[in-house]
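Okay, here's what each chain looks like letter by letter:
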Amino acid sequence: MNILISACLLGLPCRYDGGGKLWPGAAALTAAGHHLVPVCPEQLGGLPTPRPPAERVGDRICTREGADVTEPYFRGAEAAVALARLLDCPCAVLKARSPSCGKGVIYDGSFTGTLTSGDGAAAAALKAAGVAVFTEEEGPALDAFLRGGHWKAIVAADAQWGIGKGGEQPCYIPADLKRFKALTTGHAVILGRKTLATFPGGRPLPGRRNLILSRDPSFSPVGAEVFRDVASLRAAAPEDAFVIGGGSVYEQLLPWCDTVYVTRLGRAFPADTIFPDLDAAPGWRLAEQKGPYEHQGLPFRYDTYRRA
Ligand SMILES: NC(=O)c1ccc[n+]([C@@H]2O[C@H](COP(=O)([O-])OP(=O)(O)OC[C@H]3O[C@@H](n4cnc5c(N)ncnc54)[C@H](OP(=O)(O)O)[C@@H]3O)[C@@H](O)[C@H]2O)c1
Ligand code: SF4
């Protein structure tokens, strides 16, 4: 497998201070037959080495002296996505906490070593492009991904991969709802707390084991199992589970899926929640297409994507 990797993790001297940060796990990946594709998004964005350290402040990235370097950071993030697509890298191992490469936790912009939740510019762009992103500190999760995921995802996406707005789906097609029920009944379904709230009465789906993600300790709906993090969910969920949304859950759990059933709507709807574009996402292939069908003038298809 081709794996994108932060160049500094290979010991290459590309960090802001001109150094590298050799990660011993890289050698194990090459020994296992993987091909590592080094990328330094900050250099690709045109920044010099060495360069002033920068941290993310809201949606901007600034140096300690207050210079706004957002533009080269985002240019570098786009270049990292282009490289992942060009060389078909389904996953990336990125340097933890960096304003470009950090995932989940980054420095908070105070230059005091304080951490806050969030993604670096390149990590966010790669995740949105459907690349499974891990930091070098997530060895077990990376190993599990490389062994292969077995869950399936099912989603209704519009012509621009929009999947919802204001908590609602783009539209509901009776035939698609029937198909969803037929595919998922008898299996476990994995969903976020906000998607559960969109179901009739906010109740779990009948005939299925409902596994819900929520960080709220007081949230305990009748007829469902609640998990406070992905690690405990992964330990409990069976291999034949379906990931059924919403946006944040698809993004986090796509790395553990080997198949995505997409009901592809023939036009764009207003959307604030987007599914990764699987036609452009590295490592995914359109395996099957059924349709077109039509519902009240709206054309749609059933597309099945599988990991290459
Ligand atoms: N088109 C489709 O097929 C489809 C399918 C499903 C949903 N949708 C749409 O997607 C949108 C909802 O997506 P969303 O991203 O806003 O919400 P969501 O993914 O359904 O739920 C988000 C919530 O899940 C919990 N959560 C997420 N990650 C977690 C983690 N790692 N650990 C613990 N809890 C975690 C949190 O709950 P707490 O806040 O309780 O901590 C979080 O607020 C809606 O518009 C919906 O209609 C579309
Ligand atoms: S941008 Fe990423 S690869 Fe480049 S030095 Fe920073 S953490 Fe390393």
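Residues numbered from 1 in each chain as written. Chains lettered and ligands numbered in written order. Predicted model: local features only at pLDDT ≥ 70, side-chain atom pairs only at ≥ 80, totals over all residues.

## What to know about the overall build of the protein
Phase 1: Regarding its fold elements, the protein presents 9 helices and 18 strands.
Phase 2: Since a compact globule built from 308 residues should have a radius of gyration of about 19 Å, the 20 Å found for the protein is in line with a globular shape.
Phase 3: Once the C-alpha set of the protein is aligned to its principal axes, its extents read approximately 60 × 40 × 40 Å.
Phase 4: Out of the 308 residues in the protein, the part that is buried amounts to 40%.
Phase 5: A separation of at least 24 residues holds for 64% of the contacts in the protein among residues at least 6 apart in sequence. (Helix = DSSP H or I, 4+ residues; strand = E, 2+ residues; numbered from the N terminus. Rg over C-alpha atoms; globule rule 2.2 N^0.38 Å. Buried ≥ 20, exposed ≤ 12 C-beta atoms within 10 Å, placed from the backbone. Contact = placed C-beta atoms within 7 Å.)

## Thoughts on the site of ligand 1
Phase 1: Gly164, Gly192, Thr195, Gly245 and Gly246 are the nearest of the 28 residues found near ligand 1.
Phase 2: Contributing elements (two or more residues each) for the shell around ligand 1: strand 9 (151-157), strand 10 (162-164), helix 7 (193-196) and helix 9 (247-253).
Phase 3: It is helix 9 that contributes the most residues to the shell around ligand 1, 4 residues altogether. (Near = placed C-beta within 6 Å.)

## Describing the nonpolar core
Phase 1: Core analysis: the biggest nonpolar cluster contains 77 residues, and Ala80, Ala84, Ala92, Leu126, Val155, Ile190 and Val243 have the highest contact counts within it.
Phase 2: Each of domain 1 (2-145) and domain 2 (149-307) accounts for three or more of the residues forming this core.
Phase 3: Among residues more than four places away in sequence, those in contact with isoleucine 190 are Leu211, Leu233, Ala237, Ala241, Phe242, Val243, Ile244, Val249 and Leu253. (Core = buried A, V, L, I, M, F, W, Y, C linked by C-beta atoms within 7 Å. Domains from an automatic or database assignment.)

## Things to note about the sheet that holds strand 5 (residues 91-94)
Phase 1: Pairing within the open sheet is parallel, and its 4 strands lie in the order 2-1-5-8. Looking at the sheet topology across the chains shown, the edges are occupied by strand 2 (35-39) and strand 8 (132-135). Looking at each pair of strands side by side, their axes are set apart by 25 degrees on average, direction ignored. (Pairing = 2+ DSSP bridges. Axes fitted to C-alpha atoms, helices over the stretch in contact; angles between N-to-C directions.)

## Brief notes about the site of ligand 2
Phase 1: Looking at ligand 2, the residues that line it are Ser6, Ala7, Cys8, Cys14, Arg15, Cys40, Pro41, Glu42, Lys95, Ser98, Ser100 and Cys101.
Phase 2: Its residues placed into classes, the shell around ligand 2 shows 6 nonpolar, 3 polar and 3 charged. (Nonpolar A, V, L, I, M, F, W, Y, C, P; charged D, E, K, R; others polar.)

## A few points about the environment of aspartate 108
Phase 1: By the element assignment, aspartate 108 lies in the loop between strand 6 (105-107) and strand 7 (115-117).
Phase 2: For the pair aspartate 108 and arginine 56, spaced 52 residues apart in sequence, the C-alpha separation works out to 6.3 Å.
Phase 3: Apart from residues lying up to four places away in sequence, aspartate 108 is in contact with Glu55, Thr114, Leu115 and Thr116.

## A few points about the environment of leucine 253
Phase 1: Among the structural elements, leucine 253 can be located in helix 9.
Phase 2: Considering only alpha carbons, one finds leucine 253 and proline 48, 205 residues apart in sequence, at a separation of 36 Å.
Phase 3: Leucine 253 has contacts with Trp151, Ile190 and Val243, leaving out every residue within four places of it along the chain.

## So, the domain arrangement of the protein
Phase 1: Annotation of the protein at the domain level lists domain 1 (2-145) and domain 2 (149-307).
Phase 2: Measuring from the centre of the C-alpha atoms in domain 1 to the corresponding centre in domain 2 gives 28 Å.
Phase 3: Facing 13 residues of domain 1, the contacting portion of domain 2 comprises 12 residues.
Phase 4: When contributions to the side of domain 1 that touches domain 2 are tallied by element, the ones reaching two or more residues are helix 3 (70-86) and helix 4 (121-128).
Phase 5: When grouped by side-chain class, the residues that make up the side of domain 1 that touches domain 2 number 9 nonpolar, 1 polar and 3 charged.

## Concerning the pairing of strand 5
Phase 1: Of the two faces of strand 5, the one carrying Cys91 and Val93 and the one carrying Ala92 and Leu94 are both buried.
Phase 2: With 3 bridges connecting them, strand 1 (residues 2-6) and strand 5 associate as parallel partners. Residue pairing in the sheet places isoleucine 3 in a bridge with cysteine 91 of strand 5.
Phase 3: Taken together, the 4 bridges between strand 5 and strand 8 define a ladder with parallel strand orientation. Its bridge partner being in strand 8, leucine 94 is matched across the sheet by threonine 135.

## Observations concerning the pairing of strand 12 (residues 209-213)
Phase 1: Of all 5 residues that make up strand 12, 4 are buried, and the element is covered over most of its length.
Phase 2: Judged from the 5 bridges that link them, strand 11 (residues 188-192) and strand 12 form a sheet pairing that is parallel. Bridging across to strand 12, leucine 191 finds its partner in isoleucine 212.
Phase 3: Examined bridge by bridge, strand 12 and strand 13 (residues 224-227) share 4 bridges and lie parallel to one another. The residue of strand 13 that forms the bridge with asparagine 210 is alanine 224.

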